[in-house]
Number of protein chains: 2
Amino acid sequence: MNDFYSPESCRASCLRFEIDGTQVGWIPPQVAPLLTRYPEVFEPPHGGAVSLCRSLDSYGRRSEAVDGALQALRQEPSLSCLRGWRDEKYSVMPKFSDPPLMWMERAATSLFGVRRYGVHLNGYVVSDSGEVSMWLGRRSPTKQTYPGLLDNVAAGGLAANAGVKHTLVKECQEEACIPAAIAEKARPVGTVSYTYNNEEGVFAESQFVFDLELPLEFKPRVGDGEVQEFYLLPIDKVKELLATDDFKPNCAMVVLDFLIRHSFIEPDTEPCYQEFVTGLHQKL
Amino acid sequence: MNDFYSPESCRASCLRFEIDGTQVGWIPPQVAPLLTRYPEVFEPPHGGAVSLCRSLDSYGRRSEAVDGALQALRQEPSLSCLRGWRDEKYSVMPKFSDPPLMWMERAATSLFGVRRYGVHLNGYVVSDSGEVSMWLGRRSPTKQTYPGLLDNVAAGGLAANAGVKHTLVKECQEEACIPAAIAEKARPVGTVSYTYNNEEGVFAESQFVFDLELPLEFKPRVGDGEVQEFYLLPIDKVKELLATDDFKPNCAMVVLDFLIRHSFIEPDTEPCYQEFVTGLHQKL
């Protein structure tokens, strides 16, 4: 996972994606020419930016016009990410605290580098003697993204108008069969945020992180099939795995944040402590 | 407290401070001309940077040469920060994980914008019914910086070659009479980092944050006189005070980080949650 804000990234060749003069994303150089096919939706690139047409002056009009263009672009062979179309609407806004300006299909967000928000759960148990172990999932080998890699016990994207805690409880049920009565006890503990780019576009993501101490006798079970198996691992084993390529990268970040907040990594023995903390909480 | 990395800051007019071609700080525009008086220590400004003379090729030589120049500059009326000379040596290095290239008197670090590291303690109690209250100190009215403002229960700068936990335990004893047997139980939980500038220069600071649940019957006591009084406040009262100007700014950040990590602030009810988290963990 690279850093979109590092000097070596493709950022200099990207165009700002703007709505009413406010930036809401980044458009990669290979995507911008395709958008000129829809002059009633996107203004021609100008001053390093692509803007939505000013005539699209409401949440509904913007969302529908862009969705129309995207539906047509699903035929475009170079836009492989659109083959993962999910019919999930994500909110588009400059900051999380701003009112959404439109919604956009989840699979298209990387083409516009719009910020995506999600939830991730650290599920753990504490033994009678105080030893902490962590539940991790292994992603299904048939999953479109990061097949077969280690994942948090539950995670998911935040759809338009969905509450954060509500989404967490829903994902706990769907992905790991954690009943709401248990999942409701999950505690919000911050966010992990980062921006990277690959051939599918720009990913500016912020994950709302929750910790949940699970009952010792409780075992997560495979729910919707996104995970093939769950493991309960001692913290030392989790640390070992973090140093390998076996983790989905953003899940590794969520686990690293857990290990720091729970004092399993200490500043006197980890030289990169300070860089780890700032790297986990990058400005979007 | 402003943000040195915001577009409106004075950063564009500052010069990079470099040792052997590596940046270790920022020199404000009013400071650079004074350094030209010491051509055997500082090379003339070049390409937006002031470099230490290459002939200063060791930790000891660099430290002594710069200290000599600074001792002379203590007479300079415009450098008010040097009137707070403390005889405390701070390490100068590009990142915390790098070997120090020199030491510098603490009071001078803002003139060179070198990174300063410190420790801050969140001291709190949990009542039998589970209610959390926080111990806060009020700074002495005669303290040179931020007199009379609210502070964490203990905090201090990290001197050259000092351990992080060791410094925390020492500050607990000196500032709040917390005995080592209790202070040793403090748990490292991350860092809070930020960069700001004022008339005294550029402050690039990272605080190693510790949480310590204090025994219910324990009361911190005024130690070295840096604090005039300690208060035990319920979390709701702490939240209220955070919204006022009564806190030393970086202590407010440490407390805000505590409130987020301990779920006293939640993403569904705090619109700025995401911006709070990234604002508390800025790259230096």
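Residues numbered from 1 in each chain as written. Chains lettered and ligands numbered in written order. Predicted model: local features only at pLDDT ≥ 70, side-chain atom pairs only at ≥ 80, totals over all residues. Heavy atoms only, no water.

Per an unreviewed UniProt entry, chain A goes by Thiamine pyrophosphokinase 2 and derives from Stegastes partitus.

## Here we look at the packing of aromatic side chains
Aromatic ring pairs are described here by two measures, namely the spacing of the ring centres and the angle between the planes. The condition is simple: Centre distance within 6.5 Å is the pairing criterion for rings of Phe, Tyr and Trp, where only the six-membered ring of Trp is used; planes under 30 degrees apart are then read as stacked, over 60 as edge-to-face, and the remainder as tilted. Going along the chain from the N terminus, every DSSP run of H or I of four or more residues is numbered as a helix, and every run of E of two or more is numbered as a strand. Three labels apply to residues, based on accessible area from a 1.4 Å probe with only protein chains included: buried if under 20% of the type maximum, exposed if over 50%, partly exposed otherwise in between. By definition here, charges over rings are those cases where NZ of Lys or CZ of Arg is within 6 Å of the ring centre and within 35 degrees of the ring normal.
Applying the stated criterion across every chain, the model contains 22 aromatic pairs over all chains. A centroid spacing of 5.0 Å and a plane angle of 50° characterise the contact between F17 of chain A and F112 of chain A, whose relative ring orientation is tilted. Taken together, the positions of F17 of chain A in strand β1 (residues 15-19) and F112 of chain A in helix α3 (residues 109-112) put the pair 95 residues apart, joining distant regions of the chain. The class of F17 of chain A is buried, set by a relative accessible area of 0%. Members of the aromatic cluster, joined through ring pairs, are F96, Y117 and F208 of chain A together with Y273 of chain B. Over the face of the ring belonging to W103 of chain A we find K89 of chain A, whose NZ or CZ atom lies 4.5 Å from the ring centre.

## A word on the pairing of strand β6 (residues 115-126) of chain B
All names here are of chain B. Put simply, the rule is: Following DSSP output, two strands are said to pair if at least two bridges run between them.
Of all 12 residues making up β6, 10 are buried, and the element is well covered by its neighbours. Here 4 bridges tie β6 to strand β9 (residues 154-157), and the two strands are oriented antiparallel to one another. Looking across to β9, one finds that H120 is bridged to A155. Here 4 bridges tie β6 to strand β7 (residues 132-139), and the two strands are oriented antiparallel to one another. Of the residues in β7, the one forming a bridge with Y124 is M134. Hairpin connection, β6 to β7: the antiparallel pair is bridged by 5 residues, and G130 has positive phi, about 95°.

## What to know about the nonpolar core
Operational definition: Residues grouped as a nonpolar core are buried Ala, Val, Leu, Ile, Met, Phe, Trp, Tyr and Cys residues, joined through side-chain atoms within 4.5 Å. Contact definition: two residues touch when any of their heavy atoms are within 4.5 Å.
L121, I178, F208, F210 and L214 of chain A together with F247 and V255 of chain B are the most contacted members of the largest nonpolar core, which totals 58 residues. Broken down by element, the residue count for this core peaks at 9 residues, all from helix α7 (residues 249-261) of chain B. Filtering out sequence-adjacent residues up to four positions away, I178 of chain A remains in contact with L121, C172, Q173, A183, L212, L214 and F218 of chain A. Counting 57 residues, the second largest nonpolar core, distinct from the first, contains V209, L256 and I260 of chain A together with L284 of chain B.

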